[in-house]
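# Chains, contacts and geometry: an overview
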Amino acid sequence: MTMDSRSRWLALVVLCLGDLMIVLDVTIVGVALPSIREDLGFSEASLAWVVNAYLITFGGFLLLGGRLGDLFGHRRLFLIGIAVFTLASAACGLATSQEMLIVARAVQGFGAAVVSAVALSLMMTLSTEPTERAKAMGVFGFVAAGGGSIGVLLGGILTDVLNWHWIFLVNLPIGIAVFT
């Protein structure tokens, strides 16, 4: 079954939104770390676990996420990854203790690994012609690069105007939109 061009570009938008959420999360947290430290009483050393819990599970499950996508379907795993990441984002945003935040960040890293691993596979499947694939890769790369900059800016705004919880809660509407 072949998809028409409009459907492929709509699918690319969904993939890009999923990737944007992952990239935003990496940079948005760094700006809010001082507020998180103050609110939850982290020590300087233990605060690193807010970042490390995410990165360890992300790196540790990246290959497994890709393999699971091969076994059970890339689309299914993409949606599972988005759901896990979004629910973990809600848990991070609602965290009231250091332990709750660190565990939720680890789960978020797992969801992000699954999404990242299968998103590129889905894009390769959707774009079969070399020129179309190059355009899709360019758009995907632009979103990923821009997401890092947006994350730093958005993290500062959300932390200043609201509080650090919102750097995680901002993922909820994006995750719901991508999932549906």
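See the structure shown above.
Scope of this entry: the structure provided in the associated data block. Values in this document were obtained by computation on a predicted structure and should not be read as measured data.

Enumeration according to the criterion identifies three aromatic pairs in this entry. Look at Tyr54 and Phe58: their rings are 6.2 Å apart centre to centre, the planes differ by 5°, and that puts the pair in the stacked class. Taken together, the residues span about one helical turn, with Tyr54 and Phe58 both in helix α2 (residues 44-72) at a distance of four residues. Given the relative accessible area of 2%, Tyr54 is considered buried.

Here helix α1 (residues 5-40) crosses α2 at 165°, and the two axes come no closer than 10 Å. Taken together, the axes of α1 and α2 lie roughly antiparallel to each other. Between α1 and α2 lies a crossing whose hand is right-handed. Of α2, the residues touching α1 (which contributes Ile22, Asp25, Val26, Val29, Leu33, Ile36 and Arg37) are Glu44, Leu47, Val50, Val51, Tyr54 and Phe58. Of the residues belonging to the contact of α1 with α2, the class tally is 10 nonpolar, no polar and three charged.

What counts and what doesn't
- Residues numbered from 1 in each chain as written.
- Predicted model: local features only at pLDDT ≥ 70, side-chain atom pairs only at ≥ 80, totals over all residues.
- Heavy atoms only, no water.
- Phe/Tyr/Trp six-rings, centres within 6.5 Å; stacked < 30°, edge-to-face > 60°.
- Helix = DSSP H or I, 4+ residues; strand = E, 2+ residues; numbered from the N terminus.
- Buried < 20%, exposed > 50% of the residue type's maximum accessible area, 1.4 Å probe, protein only.
- Axes fitted to C-alpha atoms, helices over the stretch in contact; angles between N-to-C directions.
- Parallel < 35°, antiparallel > 145°, perpendicular 65-115°, else oblique.
- Left-handed = near helix turned anticlockwise from the far one by under 90°.
- Contact = heavy atoms within 4.5 Å.
- Nonpolar A, V, L, I, M, F, W, Y, C, P; charged D, E, K, R; others polar.

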